[in-house]
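# Residue-level structural notes
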Amino acid sequence: MDTKKIAVFLEAVKMGSLKKTAEKLNYTQSGLIYLMNSLENELGGLKLLNRTSKGVCLTEEGIALEPYIRQIYESEGDLIDKIHEIQREGTRKLRIGTYPIYACDGLPGVIKTFLDDHPDNDITIRVATGQELPKLLSEDDIDLAIGEAGLVKDAAWIPLMEYEIYSAIPQAFDIGEEESITFEALKDYPLLFSSYNQVSNQIEKLLERENPYKIKVESSDGSALLHMVSEGLGVAFLSSLYLKECPQTVTMRPLDPPLTKELGVLAKHEKMNSPLIKAFLPYLKEAQ
């Protein structure tokens, strides 16, 4: 239903005169009558206005329908106001996707500080793997992802921090006291690889010799790998972000040569114009 016709109808009811309404809205009287006839046809041919030499007034059908017609008009006004509010301020809901470890260590403090300053906003966290984040972002299930550089093609990228990949070694393994571990030193030890960890393939290529055995773990949670290492099952490769979770039965050491990754914000380019994302980004950067 054309709300322009509704606006004219409501004004005619208010003025009580088609002539005065036409003059006020800059219509010809015949043009205004055409709009009213068209509106009545859209409503199944029900007559809304009685037209007399003294002016117009609502018919019984018009009296019954006028509140609903007015509601349609006011709803459009509310819609336009909401569109302008979103364009001006953005929505107050932010959906973030990130790795399990960053969802546990790093992001919670950022969100708490942000919500302390911006309590009227709602934040949803999606914990996901490196394989899942690109799909969540492309299908608009999240507004931004916190992940590795290059994870999503053609996305806006804001770097946050660099971190190293560490070897997680059972204390029972006699690998020496060096501060960092070479791949040569690991050649005789069993290895644990997470199928969700993007560094696994990279490390496999760097290892020049066959190891005793290799176990692939179908888990996106590095904590599970740490527990397996703690049980002496093998050596795993994890982000330095896991250092705080490292149990006493596991030693975490950087690799030699070092293997580094970059963590940052990925989002669709148009999302970067969101006032809420613009407000949230400084909190992320400050926390690193």
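Rules of the game
- Residues numbered from 1 in each chain as written.
- Predicted model: local features only at pLDDT ≥ 70, side-chain atom pairs only at ≥ 80, totals over all residues.
- Heavy atoms only, no water.
- Buried < 20%, exposed > 50% of the residue type's maximum accessible area, 1.4 Å probe, protein only.
- Helix = DSSP H or I, 4+ residues; strand = E, 2+ residues; numbered from the N terminus.
- Arc of directions from axis to C-beta.
- Contact = heavy atoms within 4.5 Å.
- Axes fitted to C-alpha atoms, helices over the stretch in contact; angles between N-to-C directions.
- Parallel < 35°, antiparallel > 145°, perpendicular 65-115°, else oblique.
- Left-handed = near helix turned anticlockwise from the far one by under 90°.
- Nonpolar A, V, L, I, M, F, W, Y, C, P; charged D, E, K, R; others polar.
- Salt bridge = Lys/Arg side-chain N within 4 Å of Asp/Glu carboxyl O.
- Pairing = 2+ DSSP bridges.
- Core = buried A, V, L, I, M, F, W, Y, C linked by side-chain atoms within 4.5 Å.

### Re helix α6 (residues 107–117)
When we look at burial in α6, the residues that qualify are Leu107, Val110, Ile111 and Phe114. Along α6, the residues classed as buried sweep out an arc of 95° about the axis, all on the same side. Exposed residues pointing more than 90 degrees away from the buried face of α6 are listed as Lys112 and Asp116. Among the structural elements, β3 (93–98), α5 (100–104), β4 (122–127), β5 (144–148) and α10 (275–287) are those in contact with the buried residues of α6.

### Some details on the packing of helix α1 (residues 3–15) against helix α3 (residues 29–42)
Between α1 and α3, the shortest axis-to-axis distance is 9 Å and the interhelical angle comes to 110°. Between α1 and α3, the crossing angle belongs to the class labelled roughly perpendicular. As α1 runs across α3, the sense of the crossing is left-handed. Listed contacts from α3 to Lys5, Ile6, Val8 and Phe9 of α1 are Leu32, Leu35, Met36, Ser38, Leu39 and Glu42. Among the residues forming the contact of α1 with α3, the class breakdown is seven nonpolar, one polar and two charged.

### Observations regarding the pattern of salt bridges
A complete count under the given rule lists 10 salt bridges for this structure. Notably, a salt bridge pairs Arg70 with Glu66, separated by 2.7 Å at the nearest N-O pair. Linking Arg70 with Glu66, this pair stays in helix α4 (residues 60–89), spanning four residues, or about one helical turn. Of the residues examined, Arg70 reaches a relative accessible area of 32% and is grouped as partly exposed. Across the pair Arg95 and Asp140 runs a salt bridge whose closest N-O atoms are separated by 3.7 Å. With a gap of 45 residues between them, Arg95 in strand β3 and Asp140 in the loop between α7 (132–138) and β5 connect regions that are remote in the sequence. The exposure class of Arg95 is partly exposed, given its relative accessible area of 25%.

### Comments concerning the pairing of strand β6 (residues 156–170)
Two strands pair when backbone bridges link them, and β6 and strand β12 (residues 260–267) are joined in this way by eight bridges, in the antiparallel orientation. If you follow Glu162 over to β12, its bridge partner there is Glu262. In this structure, β6 lies alongside strand β10 (residues 235–239), joined through four bridges in antiparallel fashion. Note on β10: the bridge partner recorded for Tyr166 is Leu238. Both β6 and strand β11 (residues 250–256) contribute to a ladder of five bridges, which runs antiparallel. In the strand pairing of β11, Ser167 is matched with Arg253.

### Considering the pairing of β11
Of all the seven residues making up β11, five are buried; the element is thus mostly covered by neighbouring parts of the structure. Two strands pair when backbone bridges link them, and strand β7 (residues 181–182) and β11 are joined in this way by two bridges, in the parallel orientation. Counterpart to Thr182 in the pairing with β11 is Asp256.

### Side note on the environment of Thr251
Mapped onto the fold, Thr251 is located in strand β11. Given the relative accessible area of 24%, Thr251 is considered partly exposed. Between the C-alpha atoms of Thr251 and Pro119, which are 132 residues apart in sequence, the distance is 41 Å. Thr251 has contacts with Ser167, Ala168, Ile169, Gln171 and Cys246, leaving out every residue within four places of it along the chain.

### Observations concerning the nonpolar core
Formed by 63 residues in total, the largest nonpolar core has its most connected members in Leu144, Ile146, Phe237, Phe280 and Leu284. Of all the elements, β6 adds the most residues to this core, at eight residues. Look past the residues within four positions of Leu284 in its chain and what remains in contact with it is Tyr102, Leu107, Val110, Ile146, Leu160 and Val265. Core analysis: the next-biggest nonpolar cluster, separate from the first, contains 16 residues, Ala12, Leu18, Leu48 and Val56 among them.

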